[in-house]
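Coordinates in review
These are the residues of each chain, in order.
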Amino acid sequence: MSVTTIILATLTALEFFFIFYLETIATSSQRTSKVFRMSIEELNRKSVNVLFKNQGVYNGLIGVLILLSLFVFASKVAVICLMGYIVAVAVYGSFTSNPKIILMQGGLPILTLVSCLF
C-alpha cells in the first residue's frame, strides 16, 4: 500500500472515531447538536440518545476495522472493501438524509479508493 493510501485511510478512521465521540460520548453536547442539526432537547430524548449511542459504537468499530486492515493485516483488499462500504452508506445517506453526506462522510474514503487504484 502506498503512503498516501495509509494516510488517507488513517484520516478516515480518525473521522469515524470523531463520529463515535459525538454520538456515544458527547451525545447531547452543543457540538453534536450543531453537527447533526438537532436540538439538545431532541438529543436528550431517551429513544434518540440510545439510537445515537448504538450508531456511535458502529462508527467506532468501523474506525477500528480500518486500522486493523492497515496496520495488522496490511490488506489493500480489506481497505478497498471498507472504503467501498463507507462510500455506499454515504451515497444512501445523501439520498435519504442530507446531500452533503456524500462529501462529509464519503470524501476521504473516495480519495482513499482513488489512491488504491494508482
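This section reports on the structure supplied with the text. Given the structure is predicted, the values throughout are model-derived calculations rather than measurements.

**Some details on the overall build of the protein**
- Along its length, the protein carries seven helices and zero strands.
- Each helix and strand of the protein, ordered N terminal to C terminal, gives the series α-α-α-α-α-α-α.
- A globule of 118 residues ought to have a C-alpha radius of gyration of about 13 Å, and the protein, at 15 Å, matches this closely.
- Along the longest, intermediate and shortest principal axes, the C-alpha atoms of the protein span 45 × 30 × 20 Å.
- With 118 residues in all, the protein has 37% of them scored as buried.

**A short note on the side chain of Ser69**
- Its place among the elements puts Ser69 in helix α4 (residues 46-72).
- Every residue in contact with Ser69, bar those within four places of it in the chain, is listed here: Met1, Ala74, Ser75, Ala78, Val79 and Leu82.

**Section: the packing of helix α1 (residues 3-25) against α4**
- At a closest axis distance of 7 Å, the pairing of α1 and α4 adopts a crossing angle of 160°. Of the possible angle classes, the one that applies to α1 and α4 is roughly antiparallel. Note on packing geometry: the crossing formed by α1 with α4 is left-handed.

**Quick word on the nonpolar core**
- Core analysis: the largest hydrophobic core is formed by eleven residues, namely Ala9, Ala13, Phe16, Ile62, Ile66, Leu70, Val79, Leu82, Met83, Ile86 and Cys116.
- Listing elements by their share of this core, those giving two or more residues are α1, α4 and α5 (76-96).
- In terms of residues, this core owes the most to one element, α5, which gives four residues.
- When sequence neighbours within four positions are dropped, the list of residues in contact with Ile86 reads Thr12, Phe16, Ile62, Ile66, Gln105 and Pro109.

**Focus on α4**
- Taking 1.5 Å of rise per residue, the 27 residues of α4 would be expected to cover 39 Å, and the 38 Å separating its terminal C-alpha atoms lies within 8% of that figure.
- Buried within α4 we find Val48, Asn49, Phe52, Gly56, Asn59, Gly60, Ile62, Gly63, Ile66, Ser69 and Leu70.

**Structural notes on α1**
- Taking 1.5 Å per residue as the helical rise, α1 with its 23 residues ought to reach 33 Å, and the 32 Å between its terminal C-alpha atoms agrees with that figure.
- Residues of α1 that are buried: Thr5, Leu8, Ala9, Thr12, Ala13, Glu15, Phe16, Ile19, Leu22, Glu23 and Thr24.

**Focus on the side chain of Glu23**
- For Glu23, the position within the fold is in helix α1.
- For Glu23, which is buried and forms no salt bridge, the nearest opposite charge comes from Lys53, at a distance of 11 Å.
- Here Glu23 is in contact with Phe36, Phe52, Lys53, Gln55, Gly56 and Asn59, once residues within four sequence places are set aside.

**Quick notes on the environment of Gly60**
- By secondary structure assignment, the location of Gly60 is in helix α4.
- A relative accessible area of 8% means that Gly60 is categorised as buried.
- When the C-alpha atoms of Gly60 and Phe17 are compared, they prove to be 5.1 Å apart, with 43 residues separating the residues in sequence.
- Among residues more than four places away in sequence, those in contact with Gly60 are Phe16, Phe17 and Phe20.

About the cut-offs
Numbers given for residues are sequential positions, taken from 1 along each chain in its written order. Reporting in this predicted model follows two pLDDT cut-offs: at least 70 for local features of residues, and 80 or more for side-chain atom pairs to be given and counted; totals over whole chains, interfaces and linings ignore these cut-offs and use all residues. Derived side-chain values reflect all non-hydrogen atoms in the structure, with water molecules and hydrogen atoms excluded from consideration. A run of H or I in DSSP counts as a helix once it spans at least four residues, and a run of E counts as a strand once it spans at least two, with each numbered from the N terminus. The reference for a compact globule is 2.2 Å times residues^0.38; the radius of gyration itself is calculated from the C-alpha atoms. Think of it in three bands: residues with accessible area under 20% of the maximum for their type are buried, residues over 50% are exposed, and the middle band is partly exposed, with areas taken using a 1.4 Å probe on protein chains only. Only heavy atoms matter for contacts: two residues are in contact if any of them lie within 4.5 Å across the pair. What counts as an axis is a line fitted to C-alpha atoms, over the stretch in contact for a helix, and the angles between N-to-C directions run from 0 to 180 degrees. For this classification, under 35 degrees means roughly parallel, over 145 means roughly antiparallel, 65 to 115 means roughly perpendicular, and everything else is oblique. Should the near helix be turned counterclockwise from the far one by less than a right angle, the crossing is left-handed, whereas a clockwise turn marks it as right-handed. Residues grouped as a nonpolar core are buried Ala, Val, Leu, Ile, Met, Phe, Trp, Tyr and Cys residues, joined through side-chain atoms within 4.5 Å. Expected helix span is taken as 1.5 Å per residue step, with the number of steps being one fewer than the number of residues. Neither His nor the chain termini are counted; the positive set is Lys and Arg, and the negative set is Asp and Glu. Between Lys or Arg on one side and Asp or Glu on the other, a salt bridge is scored when a side-chain nitrogen of the former is within 4 Å of a carboxyl oxygen of the latter.

Geometry only, nothing functional implied.
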